[in-house]
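Chain by chain, the residues:
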Amino acid sequence: MIDLIGAGSLGLLYGGKLAASGAKVRVWCRSAAQAQDLREKGITILHADGGTEARAAAGDFVVGVLEDFAFSWQRQPGDYMLLMTKQKDVLEVCSRIAAHLEPDKLHPSMLPGLVCFQNGYGHIDRVAGILPGWTLYAGVTTEGAKRISPSEVMHAGAGTTWVGATEKHHAHGNEASKLEPLVKMLQKAGFSTVLANDIDSRIFRKLLINAVINPLTALWSIPNGELLATKRRISMMRMLLDEALRVYDACGIPWDQDIWDQIVEVCTYTSGNTSSMLKDVQAGMPTEIEWINGSIVALAKSSGMRAEAHELVTGLIQGLTIREE
Ligand SMILES: NC(=O)C1=CN([C@@H]2O[C@H](COP(=O)(O)OP(=O)(O)OC[C@H]3O[C@@H](n4cnc5c(N)ncnc54)[C@H](OP(=O)(O)O)[C@@H]3O)[C@@H](O)[C@H]2O)C=CC1
Ligand SMILES: CC(C)(CO)C(=O)C(=O)O
């Protein structure tokens, strides 16, 4: 049994395809209205051209609101939980889960493997602080999804999903091999999935890609590919990357020699896409800047240095979306 927390873009994509492939899935929403919609309509996954890629009929999966998660889970514990909320909601969601699960009814062997799919860095440590003793894993994906209604999601681009245990949390007994059944279910559902023994490098690689592409596309209101359109834009990308690499060096975090080429490649193959940060800015929603560029700033501080370019873009993006009371 797989519990998906958060029925947004990623949650509907994974929940829908897993349920359509026959996996046992429970989808946990924030609102009763969305839960009702999913109960009536199921989940439809659309191709970018509008055709239907997959459909999980109502009844192929269980759906509920997060408030009911603990009650339901204690009656029938699941094997895996996929945490698919934005960074800003991770603490609240995990605190709710912790508050509702009754510790005396829980044996450590009952706890599911919790896989955190957020972009950015630092969330797994925060989750570990709220859910001590849980087996925590990270998920990194280059799938692209956009929810277009409470029960429909557009699969904007197929990618690869890596899941694995981070170095820091590996010591707590969460061997990556426990993820093998999940990997098989994801593969059966049509996701190209890899059980990664280098998930930390995947997280830090994705962090660099997001820290360069996301704030600049959001500030300039351009699709990813247009970052490469002028020398001025490219030089700003390089400035952010070079500063982040100095921070990585100071923290002893390894990075790929061809990371610049990888960033250019992402801009090229997602050239028409709106980055997630630009989407949030356009919707007037808080962005994930604090956990992307903000985490480069925090890593710099932890090594006694400053990452001024990342501090600046963090402040500029926060100024776009955080309203003064
Ligand atoms: N979309 C993508 O293609 C990719 C996303 N990611 C990462 O995955 C994470 C999720 O992204 P994405 O799916 O796009 O985000 P969305 O905003 O589309 O979805 C997040 C979902 O979490 C739900 N949620 C928030 N708080 C709660 C709560 N208290 N109880 C239950 N549900 C809650 C939201 O509910 P509500 O709808 O009510 O607001 C929403 O449905 C992000 O960190 C993102 O960076 C990574 C790679 C690709
Ligand atoms: C890689 C990139 C930039 C693709 O749009 C992304 O992950 C995002 O938008 O957050």
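Throughout, residues of each chain are indexed from 1 in the direction in which the sequence is written. Chains and ligands are labelled by the order in which they are written, letters from A for the one and numbers from 1 for the other. Selection of residues for local features in this predicted model requires a pLDDT of at least 70, selection of side-chain atom pairs for listing and counting requires 80 or more, and totals for whole chains, interfaces and linings are taken over all residues. Only hydrogens and water are removed before side-chain values are computed, so all heavy atoms of the structure are retained for them.

In the annotation of an unreviewed UniProt entry, the protein chain is listed under the name 2-dehydropantoate 2-reductase and assigned to Paenibacillus chibensis.

## Observations concerning helix 1 (residues 9–20)
Think of it this way: any DSSP run of H or I at least four residues long counts as a helix, any run of E at least two long counts as a strand, and we number them from the N terminus. Multiplying 1.5 Å by the helix residue count minus one yields the expected span of that helix. Taking 1.5 Å as the rise per residue, helix 1 with twelve residues should run 16 Å; its terminal C-alpha atoms sit 16 Å apart, in good agreement. Burial classes: relative accessible area under 20% of the type maximum marks a residue as buried, over 50% as exposed, and values in between as partly exposed (1.4 Å probe, protein chains only). By the criterion of burial, helix 1 is predominantly enclosed, with ten of the twelve residues buried. By the burial criterion, the buried members of helix 1 are Leu10, Gly11, Leu12, Leu13, Tyr14, Gly15, Gly16, Lys17, Leu18 and Ala19. A positive phi of about 100 degrees marks Gly22, the residue just after helix 1.

## Overview of empty space enclosed by the protein
In this analysis a 1.4 Å probe is tested at points of a 1 Å grid over the protein atoms alone, and where it fits but cannot get out there is a cavity; an open set with protein on both sides within 12 Å along at least five of seven lines is a pocket; lining residues have an atom within 4 Å of a point. Grid points are joined across faces, edges and corners, and a volume is the space filled by probe spheres set on the points. Counted by the stated rule, this structure contains two cavities of 30 Å³ or more. Elements with a contribution of two residues or more to the lining of the largest cavity: strand 8 (135–141) and helix 8 (199–220). Considered class by class, the residues forming the lining of the largest cavity number four nonpolar, six polar and one charged. What the second largest cavity holds in volume is close to 40 Å³. Polar here means any residue other than Ala, Val, Leu, Ile, Met, Phe, Trp, Tyr, Cys and Pro, which are nonpolar, and Asp, Glu, Lys and Arg, which are charged; Gly is therefore polar.

## Concerning the packing of aromatic side chains
Ring geometry is summarised as follows: Phe, Tyr and Trp rings, the Trp one being its six-membered ring, pair when their centres sit within 6.5 Å, and such pairs are stacked at plane angles under 30 degrees, edge-to-face over 60 and tilted between the two. Tallied over the full model, the rule gives six aromatic pairs. Taking 5.6 Å as the distance between ring centres and 75 degrees as the angle between the ring planes, the aromatic pair formed by Phe204 and Tyr248 counts as edge-to-face. Of this pair, Phe204 sits in helix 8 while Tyr248 sits in helix 9 (residues 231–251), and the two are 44 residues apart along the sequence. We classify Phe204 as buried; its relative accessible area is 11%. Each member of the aromatic cluster is reached from another via a ring pair, and the members are Tyr14, Phe117 and Phe191. Placement of a positive charge over a ring is assigned whenever Lys NZ or Arg CZ falls within 6 Å of the ring centre and within 35 degrees of the normal to the ring plane. Stacked on the ring of Phe191, the Lys or Arg Lys17 has its end atom at 5.5 Å from the ring centre.

## Examining the nonpolar core
Definition used in this section: a nonpolar core is a set of buried Ala, Val, Leu, Ile, Met, Phe, Trp, Tyr and Cys residues joined via side-chain atoms within 4.5 Å. Among the nonpolar cores identified, the biggest contains 38 residues, and Tyr14, Leu18, Leu38, Phe61 and Leu82 are the most heavily contacted of them. With six residues, the single largest contributor to this core is helix 1. Contacts are assigned to residue pairs with any non-hydrogen atoms lying within 4.5 Å of each other. Apart from residues no more than four positions distant in its own chain, Leu18 is found in contact with Ile2, Leu4, Ala23, Val25, Leu82, Met185, Leu186 and Ala189. Residues Ile213, Leu241, Ile296 and Ile317 belong to the second largest nonpolar core, which totals 36 residues.

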